[in-house]
Amino acid sequence: MNNASGKRALDYVPVFDMARLLNTNDTDFTAFAKNEFGPLTSANGFCRWALTPEVKALEDAHFAKAQLFHALPEDVKKGFVSDVEQMGYKGLNTAAKRRKKGAIPDEKTYFMLEQGLGRAFNQVSQNVLMNKDTGRHIDSYVPGYADAILDLMMARQNIAKRVLEGIALYLDVQQQSIAQYVDGGHHAQRDLYYPPCQNPTPGAMRIDTHQDRGLLTLLRAENGLEVQDEQGTWHALETQQGEWISNGGLQLEIFSNGFYRAAPHRVKMPDDLAERQKPRYANPWFGGSRLDTVVAPLPELVAQTGQNNFPYAIRAKALAEIGTRGYSEENDKLKSKIDRQHPQP
């Protein structure tokens, strides 16, 4: 496997105007999905979107508020907590815990809301917006932050549905076959802050190689992201301001029977040591199906090829717990067992 890095991904990961994604003309949208979007993104699972002015305004408003939140004193931020494991604010002590377990340090802090179905998100998420130590709402520290994060979550949910509709059209299945899992699904908005890095090691990683587990991830474009192709080559993704990145997760790869890939990716530290001293912000939205959804290939896609590439059907909650590597191992075991029982003529 070739693990060389540095190949530019401007061609490997295409960029499209988001206005084409949001086009309400069915004929135009279908042509875009079948002839451009699907063919150019299915192998790598990644895409860059040039934002519409309306979406960019939401993005910029939220991003400014998130930076103000991360600038608050640590004692204030620690008050925004939840009994749910990853909800609310998490500080740098989480990285120390990971080091004790032998994992690669992931130096970051973040504030996260889950199940953000617009403003109708659940009571647990609403409680996270209240500081447990002071009793004050998050807007009293960063005016407008609650609306900014909720507006962005709602927009990303709707855009994710449109992306998944385009993928379905490309795969020649019913348009809502995959997008239907977004409504009522398990989603999370995570506002991340990476402090200045003191690691001088060349080629050091800020985030190690991984695949996303859900249906679709949407985030503000930031340089440093690298995508691995099917031959093992890493492509450095160079982005422009005013773009989002979308990428498919393992749920999408399974639903699509492998036709739409959940590509491994990572975030590399800048080679310039001065650049490493600058903080980095990110704001990924992770969209997934309901936790009780059985994740398995769409029957019509299995029928198209006569081959089920993911016979290990699994509920979304169990997939999140077992992880992408664990799932792949179990799926490979089951495929081998099936092949032994039903050898090809």
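This is a predicted model, so every value here is computed, not measured. Position numbers for residues count from 1 along each chain, tracking the sequence in the order it is written. In keeping with the model being predicted, local features are shown solely for residues with a pLDDT of at least 70 and side-chain atom pairs are shown and tallied solely at 80 or more, while totals for entire chains, interfaces and linings include all residues. As a rule here, side-chain values cover all heavy atoms of the structure and leave hydrogens and water aside.

Focus: helix H11 (residues 316-341)
So, point 1. Between its terminal C-alpha atoms H11 stretches only 28 Å, short of the 38 Å expected from 26 residues at 1.5 Å a residue.
So, point 2. Throughout, the bend at a residue refers to the angle made by two axes, fitted to the seven residues ending there and to the seven starting there. Helix and strand definitions here come from DSSP, where helices need a minimum of 4 consecutive H or I residues and strands a minimum of 2 consecutive E residues; each element is numbered from the N-terminal end. Of all the bends in H11, the greatest measures close to 105 degrees and is centred on Gly323.
So, point 3. For every residue, the accessible area (1.4 Å probe, protein chains only) is compared with the maximum for its type, and the residue is labelled buried under 20%, exposed over 50%, or partly exposed between those bounds. If you check which residues of H11 are buried, you get Ala316, Leu319, Gly323, Thr324, Gly326, Tyr327 and Asn331.
So, point 4. Along its buried surface, H11 packs onto helix H8 (250-255), strand E15 (294-295) and strand E16 (314-315). Expected span of a helix, by definition, is 1.5 Å for each gap between consecutive residues, and there is one gap fewer than residues. Whether two residues are in contact is decided by their heavy atoms: any pair within 4.5 Å suffices.

A word on the packing of aromatic side chains
So, point 1. Note on aromatic pairs: the rings of Phe, Tyr and Trp (six-membered ring only in Trp) are paired at centre separations within 6.5 Å, and the planes decide the class, stacked below 30 degrees, edge-to-face beyond 60, tilted for the rest. One pass over the structure, following the stated rule, counts 18 aromatic pairs.
So, point 2. Where Phe80 meets Tyr141, the ring centres are 5.9 Å apart and the plane angle is 85 degrees; that geometry is what we call edge-to-face. Pair noted here: Phe80 is in the loop between helix H4 (74-77) and strand E4 (88-90) and Tyr141 is in the loop between helix H6 (123-128) and helix H7 (145-170), with a separation of 61 residues, a long-range link. In this structure, Phe80 and Tyr141 share a single accessibility class: buried.
So, point 3. Look at Phe111 and Tyr145: their rings are 6.0 Å apart centre to centre, the planes differ by 45 degrees, and that puts the pair in the tilted class.

Section: the pairing of strand E3 (residues 46-50)
So, point 1. Burial of E3 is extensive: four of the five residues sit out of reach of the surface.
So, point 2. Across three bridges, the pairing between strand E2 (residues 15-17) and E3 is parallel. By the bridge assignment for E3, Phe16 is matched with Trp49. Pairing between two strands is assigned when DSSP locates at least 2 bridges connecting them.

Thoughts on the nonpolar core
So, point 1. Residues enter a nonpolar core if they are buried and are Ala, Val, Leu, Ile, Met, Phe, Trp, Tyr or Cys, with the set joined through side-chain atoms within 4.5 Å. Within the largest apolar cluster, 42 residues are counted, with the highest numbers of intra-cluster contacts made by Phe37, Trp49, Ile167 and Trp244.
So, point 2. Sorting the residues of this core by element identifies helix H1 (18-21), helix H2 (26-41), E3, H7, strand E8 (216-220), H8 and H11 as the ones contributing at least two each.
So, point 3. At eight residues, the largest contribution of residues to this core is made by H7.
So, point 4. In contact with Ile167, not counting residues within four places along its chain, are Phe37, Ile178, Leu252 and Tyr260.
So, point 5. Core analysis: the second largest hydrophobic core is formed by 19 residues, Phe69, Met87, Leu113 and Leu150 among them.

A look at the packing of helix H3 (residues 53-70) against H7
So, point 1. Think of each axis as a best-fit line through the C-alpha atoms, taken over the contacting stretch in the case of a helix, with angles from 0 to 180 degrees between the N-to-C directions. The contact between H3 and H7 brings their axes to 9 Å, and the two run at 135 degrees. Relative to H7, the element H3 lies oblique. At the point where H3 passes H7, the crossing takes the left-handed sense. Taken together, the residues of H7 that come into contact with H3 (itself represented by Val55, Leu58, Glu59, Ala61, His62, Lys65, Ala66 and Phe69) are Tyr145, Ala148, Ile149, Asp151, Leu152, Ala155, Arg156 and Ile159.
So, point 2. In this count, Pro and Cys sit with the nonpolar residues alongside Ala, Val, Leu, Ile, Met, Phe, Trp and Tyr, while Asp, Glu, Lys and Arg are called charged and the others, Gly among them, polar. Split by residue class, the contact of H3 with H7 holds eleven nonpolar, one polar and four charged. An angle counts as roughly parallel when it lies under 35 degrees, as roughly antiparallel when it exceeds 145, as roughly perpendicular when it falls between 65 and 115, and as oblique in every other case. Should the near helix be turned anticlockwise from the far one by less than a right angle, the crossing is termed left-handed; should it be turned clockwise, right-handed.

Here we look at H2
So, point 1. Along its length, H2 shows its largest kink, about 45 degrees, at Ala33.
So, point 2. Regarding H2, the residues found buried are Phe29, Phe32, Ala33, Phe37, Gly38 and Thr41.
So, point 3. On its buried face, H2 sits against E2, H1, E3 and H7.
So, point 4. N or O atoms closer than or at 3.5 Å make up a polar contact, with two conditions inside protein: a donor-capable atom paired with an acceptor-capable one, and, for residues adjacent in sequence, both atoms drawn from side chains. Regarding H2, its N-cap is Asn25, as a side-chain oxygen of that residue lies 3.1 Å from the backbone nitrogen of Thr27 further along.

Let's talk about the layout of surface pockets
So, point 1. Each pocket or cavity is described by its volume, and for the second largest pocket that value is around 800 Å³.
So, point 2. Along the walls of the second largest pocket sit 34 residues, with Glu222, Asn223, Gly224, Thr239 and Arg280 positioned nearest its centre.
So, point 3. Listed by contribution, the elements that provide at least two residues to the lining of the second largest pocket are H3, strand E9 (225-228), strand E11 (243-248), strand E12 (265-268) and strand E13 (280-282).
So, point 4. With four residues, H3 is the single largest residue contributor to the lining of the second largest pocket.
So, point 5. Along the lines of polarity and charge, the residues of the lining of the second largest pocket split into twelve nonpolar, eight polar and 14 charged. For each structure, a 1 Å grid was placed over the protein atoms alone; sets of points admitting a 1.4 Å probe that cannot get out are labelled cavities, open sets with protein on both sides within 12 Å along at least five of seven lines are labelled pockets, and lining residues have an atom within 4 Å of a point. Grid points are joined across faces, edges and corners, and a volume is the space filled by probe spheres set on the points.

Concerning the environment of Ala274
So, point 1. Structurally, Ala274 is set in helix H9 (residues 273-276).
So, point 2. Here the alpha-carbon distance between Ala274 and Pro196, two residues 78 residues apart in the chain, equals 9.6 Å.

Some thoughts on the confidence of the model for the protein
So, point 1. What pLDDT reports is the predictor's confidence in each residue, on a scale of 0 through 100. Confidence along the protein averages 85 in pLDDT terms, with 87% of residues attaining 70 or more.
So, point 2. This stretch, residues 1-10, has a pLDDT under 50; its non-local contacts, to residues over four places away or in other chains, come to 29 contacts.

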